[in-house]
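Residue-level structure breakdown
One-letter residues, chain by chain:
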Amino acid sequence: QVQLVESGGGLVQAGGSLRLSCAASGRTFSRYAMGWFRQAPGKEREFVAAISWSGGRIDYADSVKGRFTISRDNAKNTVSLQMNSLQPEDTAVYYCAVDQGDIVTPLHYRYAYWGQGTQVTVSS
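Quick summary incoming for the structure in this document.

Reading the values: the criteria
- Residues numbered from 1 in each chain as written.
- Predicted model: local features only at pLDDT ≥ 70, side-chain atom pairs only at ≥ 80, totals over all residues.
- Heavy atoms only, no water.
- Salt bridge = Lys/Arg side-chain N within 4 Å of Asp/Glu carboxyl O.
- Buried < 20%, exposed > 50% of the residue type's maximum accessible area, 1.4 Å probe, protein only.
- Helix = DSSP H or I, 4+ residues; strand = E, 2+ residues; numbered from the N terminus.
- Disulfide = S-S within 2.5 Å.
- Phe/Tyr/Trp six-rings, centres within 6.5 Å; stacked < 30°, edge-to-face > 60°.
- Pairing = 2+ DSSP bridges.

On to the pattern of salt bridges, then. Tallied over the full model, the rule gives six salt bridges. Between lysine 65 and aspartate 62 there is a salt bridge, and its shortest N-O distance comes to 3.2 Å. The exposure class of aspartate 62 is exposed, given its relative accessible area of 66%. When salt bridges with common partners are traced through the structure, they connect Arg38, Glu46, Arg67 and Asp90 into a single cluster.

Positioned with a positive phi, asparagine 77 is a non-glycine residue whose angle comes to about 60 degrees. Locating asparagine 77 in the fold gives a position in the loop between β7 (68–73) and β8 (78–83).

A few words now on the state of the cysteines. A complete count under the given rule lists one disulfide for this structure. Disulfide partner of cysteine 22: cysteine 96, at an S-S distance of 1.9 Å. On the criterion of sequence distance, the pair formed by cysteine 22 in strand β3 (residues 18–25) and cysteine 96 in strand β9 (residues 92–99) is long-range, its members being 74 residues apart. Each member of the pair, cysteine 22 as well as cysteine 96, carries the same accessibility label: buried.

A separate point is the packing of aromatic side chains. Tallying each qualifying case throughout the model produces four aromatic pairs. An angle of 75 degrees between the planes, with centres 5.7 Å apart, marks the rings of phenylalanine 37 and phenylalanine 47 as edge-to-face. Separated by 10 residues along the polypeptide, phenylalanine 37 in strand β4 (residues 34–39) and phenylalanine 47 in strand β5 (residues 46–51) bring together distant segments of the chain. Overall, phenylalanine 37 belongs to the buried group, its relative accessible area being 1%.

Because side chains alternate across β3, one face comprises the buried residues Leu18, Leu20, Cys22 and Ala24, and the other comprises Arg19, Ser21, Ala23 and Ser25, none of which is buried. Note that strand β1 (residues 3–7) and β3 share five bridges and pair antiparallel. Across the sheet, residue leucine 4 finds its bridge partner in β3, namely alanine 24. Where β3 lies against β8, six bridges are found, and the strand directions are antiparallel. Along β8, the bridge assignment pairs cysteine 22 with valine 79.

This is how it looks when you write it as structure tokens:
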């Protein structure tokens, strides 16, 4: 059974940093793109970042460019999201997901597997 488990969320003050990790189990995802999405209360789930299996293609939402960095370790079946200069508007539940192939895309319906999410709260 495929399982994605996020960790690293928490409460941080504005301007602070957090590093989210997502561990995948049940299959090898080294040939699949992976992504991060987030959902704030009362809002739709939105794309944050995605990375190809090789790490050679990366995409970010405009709102996080220059502040967030996505990376992956295929040997460990993990994907990470380093979040710097956090702002209150970054408060959300963050989800990692695995694409159906190796497409780096912001389209949530492309992603076949999802984690349960980890809460990130940024105080002002």
